[in-house]
Amino acid sequence: MPVIPNQGSIGGGDAVTLTGVHFTGTTGVRYGTRPAASFTVISDSTTATITPAGRGAVPVSVITPGGTGVVGSFYYLPPPSFRLTQPPAGPLAGGNTVTLTGLGLYTTYEVRFGTQAAAFTVNSDGQLTATVPAAAFAGPVMVTVTTRGGTAGGVTYVYLDSPSVTAVTPDKGPVDGANLVVITGTGFSYTTDVTFGGTPALSWRVASDVEIHVLLPAGALGPADVSVTTLGGTTTASDAYTYLGRFAVLGGQSVTNTGPSDVTGDLGVSPGISVTGFPPGQVHGTIHATDTDALQAHADLIATYDTAVAQLPDTSVSGDLGGLTLPPGIYNAETSIALTGTLTLDAQGNRNADWIFQIGSTLTTATASRVLLINGATARNVIWQIGSSATLGPDTNFTGRILALTSITANAGATIHGQALAINGSVTLDTNTITRPW
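Since the model is a prediction, treat every value here as computed from it, not as a measurement.

### Brief notes about the pattern of salt bridges
Right, so step 1: Throughout the structure, instances matching the rule amount to four salt bridges.
Right, so step 2: Salt-bridge contacts for R112 lead to E110; the nearest nitrogen and oxygen are separated by 3.3 Å.
Right, so step 3: Since its relative accessible area comes to 28%, E110 is described here as partly exposed.
Right, so step 4: Residue D354 pairs with K172 through a salt bridge whose shortest N-O separation is 2.7 Å. In this pair, D354 is assigned in the loop between strand 40 (342-346) and strand 41 (355-359) and K172 in strand 20 (residues 172-174), connecting sequence segments 182 residues apart.
Right, so step 5: Exposure remark for K172: the relative accessible area of 11% places this residue in the buried category.
Right, so step 6: One continuous salt-bridge network, built from bridges that share partners, spans D171, K172 and D354.

### Brief notes about the pairing of strand 31 (residues 266-269)
It is a general feature of regular strands that their side chains alternate between the two faces of the sheet.
Right, so step 1: Alternating residues of strand 31 divide into D266 and G268 and L267 and V269, and every residue in both groups is buried.
Right, so step 2: For strand 28 (residues 247-251) and strand 31, the ladder comprises four bridges, and the chain directions are parallel. Pairing of L250 across the sheet is with G268, part of strand 31.
Right, so step 3: Here three bridges tie strand 31 to strand 34 (residues 287-289), and the two strands are oriented parallel to one another.

### Brief notes about the pairing of strand 21 (residues 180-186)
Right, so step 1: Side-chain alternation along strand 21 places V181, I183 and G185 on a buried face and L180, V182, T184 and T186 on a face that remains uncovered.
Right, so step 2: Judged from the five bridges that link them, strand 19 (residues 164-169) and strand 21 form a sheet pairing that is antiparallel. Looking at the pairing, V168 lines up with I183 of strand 21.

### Some remarks on the side chain of R436
Right, so step 1: With respect to the helices, strands and loops of the structure, R436 is situated in the segment after strand 50 (433-435).
Right, so step 2: Within the buried core, R436 has no salt-bridge partner, and the shortest N-O distance to an opposite charge, that of D176, equals 5.3 Å.
Right, so step 3: For R436, the side chain forms a polar contact with the main-chain oxygen of R246, separated by 2.7 Å.
Right, so step 4: Residues within four places of R436 in sequence aside, it is in contact with G245, R246, F247, A248, T264 and G418.

### Concerning the sheet that holds strand 45 (residues 390-392)
Right, so step 1: Strand order in this open sheet of eight strands is 32-29-49-47-45-42-39-36, and the pairing throughout is parallel. Of all strands in the sheet, those with a lone pairing partner are strand 32 (274-276) and strand 36 (319-320), marking the two edges.
Right, so step 2: In this structure, strand 36 lies alongside strand 39 (residues 337-339), joined through two bridges in parallel fashion. Each residue of the ladder has a partner; that of G319, found in strand 39, is I337.

### Looking at the sheet that holds strand 10 (residues 81-84)
Right, so step 1: The strand order 10-12-16-15 describes an open sheet built from four strands, whose pairing is antiparallel. Looking along the sheet, the strands with just one partner apiece sit at the ends: strand 10 and strand 15 (119-124). Between one strand and the next, the sheet's axes are offset by a mean angle of 25°, whatever the strand orientation.
Right, so step 2: As defined by bridge partners, strand 10 adjoins strand 12 (residues 97-103) across four bridges and the pair is classed as antiparallel. By the bridge assignment, R83 is partnered in strand 12 with T101.

### Brief notes about the packing of aromatic side chains
Right, so step 1: Scanning the model with the defined rule gives nine aromatic pairs in all.
Right, so step 2: For the pair Y241 and Y243, a centre-to-centre distance of 5.1 Å together with 80° between the ring planes defines the contact as edge-to-face.
Right, so step 3: You can call Y241 buried: its relative accessible area is 0%.
Right, so step 4: The rings of Y331, F357, W384 and F398 are connected pair by pair, giving a single aromatic cluster.

### A few points about the side chain of T195
Right, so step 1: With respect to the helices and strands, the residue T195 is situated in strand 22 (residues 191-196).
Right, so step 2: Classification of T195 by relative accessible area gives buried; the value is 12%.
Right, so step 3: Setting aside residues up to four positions removed in sequence, T195 forms contacts with P200, A201, D225, V226 and S227.

### Focus: the nonpolar core
Right, so step 1: Residues W355, F357, W384 and F398 are the most contacted members of the largest nonpolar core, which totals 41 residues.
Right, so step 2: Membership of the second largest hydrophobic core comes to 18 residues, among which are V181, V194, V226 and A237.

### Some remarks on helix 1 (residues 292-310)
Right, so step 1: Taking 1.5 Å as the rise per residue, helix 1 with 19 residues should run 27 Å; its terminal C-alpha atoms sit 27 Å apart, in good agreement.
Right, so step 2: Within the sequence span of helix 1, burial applies to A294, A297, H298, L301, Y305 and A308. Viewed end-on, helix 1 has its buried residues packed into an arc of 105°, placing them on one side of the element. Counted as exposed and oriented over 90 degrees from the buried face of helix 1: T292 and A310.
Right, so step 3: For helix 1, the side-chain oxygen to backbone nitrogen distance between the N-cap and D293 is 3.2 Å, and the N-cap itself is D291.

Conventions and cut-offs
- Residues numbered from 1 in each chain as written.
- Predicted model: local features only at pLDDT ≥ 70, side-chain atom pairs only at ≥ 80, totals over all residues.
- Heavy atoms only, no water.
- Salt bridge = Lys/Arg side-chain N within 4 Å of Asp/Glu carboxyl O.
- Buried < 20%, exposed > 50% of the residue type's maximum accessible area, 1.4 Å probe, protein only.
- Helix = DSSP H or I, 4+ residues; strand = E, 2+ residues; numbered from the N terminus.
- Pairing = 2+ DSSP bridges.
- Lys, Arg positive; Asp, Glu negative; His and termini not counted.
- Polar contact = N/O pair within 3.5 Å; in protein donor to acceptor, adjacent residues only side chain to side chain.
- Contact = heavy atoms within 4.5 Å.
- Axes fitted to C-alpha atoms, helices over the stretch in contact; angles between N-to-C directions.
- Phe/Tyr/Trp six-rings, centres within 6.5 Å; stacked < 30°, edge-to-face > 60°.
- Core = buried A, V, L, I, M, F, W, Y, C linked by side-chain atoms within 4.5 Å.
- Expected span 1.5 Å × (residues − 1).
- Arc of directions from axis to C-beta.

Written as structure tokens, this is what we have:
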């Protein structure tokens, strides 16, 4: 080829070598009608030139004392233009492939992300693919493409840190799913997937870089890992969410009722078979008498009870809890506990605050006693692990999940915002209202 290279920028300034014969004594070199910016005769067969500005395809001519001759053609190329196909972001480690689309990409010889050169493949004049190089720091960088026609930039690519999950609120809910939770953390802007226990969320919406709103899938009873995948990577928060059971009332031997009790949630018995008093009691859910669901619920109750027993206590309590205000924690009573008046549980603004009361023997409440939740405390996060039996006095307003080894008795007018679950004995109701808190 007598003109090397035979393509360059419309702005000129490209070094081009001409090869031919009889170049000695050359007095001028022209690109079309314009003289070369400079030229140097290297030998009788080689001349080095710098192109002037120009447009389109032009002849290259050499002027000597012996005459003027055209040695070839030179093609002026416009600078490229391009954009990144979505999404213009990825991990710090790089290695992902992005597509650049635009014009004038056919002669690309360099692609850079910031200062880092990228491997690339030109697919056509309007498209190339590049493998993103690694970066040391998260943040935006300029992408530049250099062709024979010049260099184009003005396009931003964002390197992303891996996301992190700091909290799921609320952190407990029904095994049926379909409830809304908020995941807080960092690096959520380019989220591509959210899973609970390995199951994709029913739907999710990125509210901000630090918050995702999620509609939960159904799950298995117990703790579940929460994973968030973004273009920057995947993070998994182990056991960050707990699936809770359907049952508001579960007896080991029987469930009996007197009067118009009202139960919201499932009611069941296992391994016993006796459920009586419904009606007149009403169950806004399903009654399970030693069916598969009741058997599984009984097994799950034992596991939850054992987990509560195994927790290391923060504080010892004794006597009567009435009049106390307690922050979140694990409270242990070696023997029996009473409640007269009001026990206040203060979450101190943390909606995921937990309380576990480990009671060695019995829990007994006086008439019109109550458990009061304040500052974001929720009933689903309060566990009463009872080593023997629980007895709620008349008109008690009780809150939390009662897990009794033996039995639970709710006297007339008592209400439970939580669960009444007995492993070995009976649950006895009398004109009560029990509402499962999820």
